[in-house]
Amino acid sequence: MTESLKWKLIKNAGWLFGAEIISKLLAYGVIVILSRTLGPESLGQYSFIFYYVELLGVFSDLGVSYYLMREVAKDKGKLRELLPDVLGFKIFLAFLNFLIIVGITFFLPKPRWMKVLIVLAGAEAMLTWLSYLFVRIMYAHEVTKYEAMAKTIERLWAFIVGGAVLFYTRRLASFIYTLLIGYSIREFLRIKFGFKFISFEVEVNFDYRSWISLLRRSYPFWLIGLFTLIYYRTDMVMLSLMKGDYETGIYRAAYTLIEASLFIPNIVVSTTMPSMTRLWKNDRKTLSILFKKSVQILLGIGILGTSGYYIFARLGIYMIFGSKFLPSVSVLKILAFALPFIFLNSLLGSFMNAIGKELMFTKITGFTALLNVVLNYFLIPQYGAIGATLATVISQGIMTFLLFVMKFYC
């Protein structure tokens, strides 16, 4: 691995690492305030609202943002060619997806006040879906500091302003209104920073024929994103609908602690993916070294994380969430065993996408997403949050095995 590449990766990882540490601390500070102020049921309602909107956002991108990032990472001149079609398509998809959320939410077996919050979250999500296109543009240029800044500012808003609103009003609705304002600030910053990498006048193309042509090249990335979304968000939504908000809150508390460590693979993937795309074309020997070192780092940290979570599960749950959440201890102990698999799957999936094997990754992701839904369907009614946890560990392990088998043949 060349010294220039090494330092570029270290610099980008440093920005993301710093931002993720700050963001995670602030984010989980907010979750702690919410949990201790309003209890497991409100935490379950909060989780359902945002996970539900995210799960229904399946048609908000169709893979075009990721496709744009990969192509621009290989050739910066592609940005001028692709951006008008991608931007127009993203605007259309965001509006279409919002209408889908509104339509389905009308029939949801939830109280009216929750439905109103879901619709408002869906409206803000349109801006989120659009802004992430500009994050991909920044990543394609191998620059991560601006995304780090935008996320940190949003988390500061959520912790300081959101925490104050929650503390004084003790109302979930007021807290969510405040969060949505913070998200909007983040999205405007992302768009503003993204324009730093666009040196031409931006046009928007609303030609459906161009969109169809674009979709033929991007749909594998959409399927990967769709299956990944189903995989990571179905458990929370199914728990809420099948077992209620309390059980969802118990599961969310444990999953929140697991999520605290997921910034590690996210940093590795975000900083290495553009480089892997370029190295696959120009220097496969260096790519092999980069991939091997990434596997060693993620696997080692994942195993240490599993040990730590298992040993300190009770202490962590009690100190952070309080005695009301002690049923989350057994959930966290089981969920910890999924950590090494989650870390490796993030890297292996990114590698497949970088080398043009996205269809192979799509099939594996689709299979494991379906497996996860089936396992949740049979395990949640009988075991509740524990059932959702077992489904996650089993499906993540199977996914890791399948991805390594496919990697061997690349």
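These figures come from a predicted structure and were not determined experimentally.

(A) Layout of the overall build of the chain. If you tally the helices and strands in the chain, you get 16 helices and 0 strands. The globule rule puts the C-alpha radius of gyration for 410 residues at 22 Å, and the 21 Å found for the chain is close to it. In terms of principal-axis extent, the alpha carbons of the chain reach across some 55 × 45 × 35 Å. Every one of the 410 residues in the chain was classed for burial, and the buried ones make up 57%. As displayed, the chain offers around 17,800 Å² of accessible surface, 68% of which is attributable to carbon and sulfur atoms.

(B) Region of interest: the nonpolar core. In this structure, Tyr46, Phe50, Leu68, Leu83 and Tyr251 are the most contacted members of the largest nonpolar core, which totals 123 residues. The biggest single contributor to this core is helix α5 (residues 112-140), with 15 residues. Setting aside chain neighbours within four positions, we find Phe50 in contact with Ala121, Ile176, Leu179, Leu180 and Tyr183.

(C) Structural view of the confidence of the model for the chain. Summarising the model, the chain shows a mean pLDDT of 84, and 91% of its residues fall at 70 or more. Put simply, helix α1 (residues 3-38) is where the chain has its lowest mean pLDDT, 67, and helix α13 (residues 328-335) is where it has its highest, 94.

(D) Spatial organisation of the packing of helix α2 (residues 40-56) against helix α4 (residues 78-105). With their axes 10 Å apart at the nearest point, α2 and α4 run at an angle of 125° to one another. When the axes of α2 and α4 are compared, the pair comes out oblique. For the pair α2 and α4, the crossing hand works out as right-handed. Across the interface between the two elements, Tyr52, Val53 and Leu56 of α2 pack against Asn97, Ile101, Ile104 and Thr105 of α4.

(E) A look at the environment of Ala121. Relative to the assigned elements, Ala121 resides in helix α5. As a C-alpha pair, Ala121 and Ile101 span 20 residues in sequence and 9.8 Å in three-dimensional space. Residues in contact with Ala121, not counting those within four places in the same chain, are Ile49, Phe50, Val53 and Leu180.

Calculation notes
- Residues numbered from 1 in each chain as written.
- Predicted model: local features only at pLDDT ≥ 70, side-chain atom pairs only at ≥ 80, totals over all residues.
- Heavy atoms only, no water.
- Helix = DSSP H or I, 4+ residues; strand = E, 2+ residues; numbered from the N terminus.
- Rg over C-alpha atoms; globule rule 2.2 N^0.38 Å.
- Buried < 20%, exposed > 50% of the residue type's maximum accessible area, 1.4 Å probe, protein only.
- Areas by Shrake-Rupley, 256 points an atom, 1.4 Å probe, with all protein chains shown as cover.
- Core = buried A, V, L, I, M, F, W, Y, C linked by side-chain atoms within 4.5 Å.
- Contact = heavy atoms within 4.5 Å.
- pLDDT = per-residue confidence, 0-100.
- Axes fitted to C-alpha atoms, helices over the stretch in contact; angles between N-to-C directions.
- Parallel < 35°, antiparallel > 145°, perpendicular 65-115°, else oblique.
- Left-handed = near helix turned anticlockwise from the far one by under 90°.

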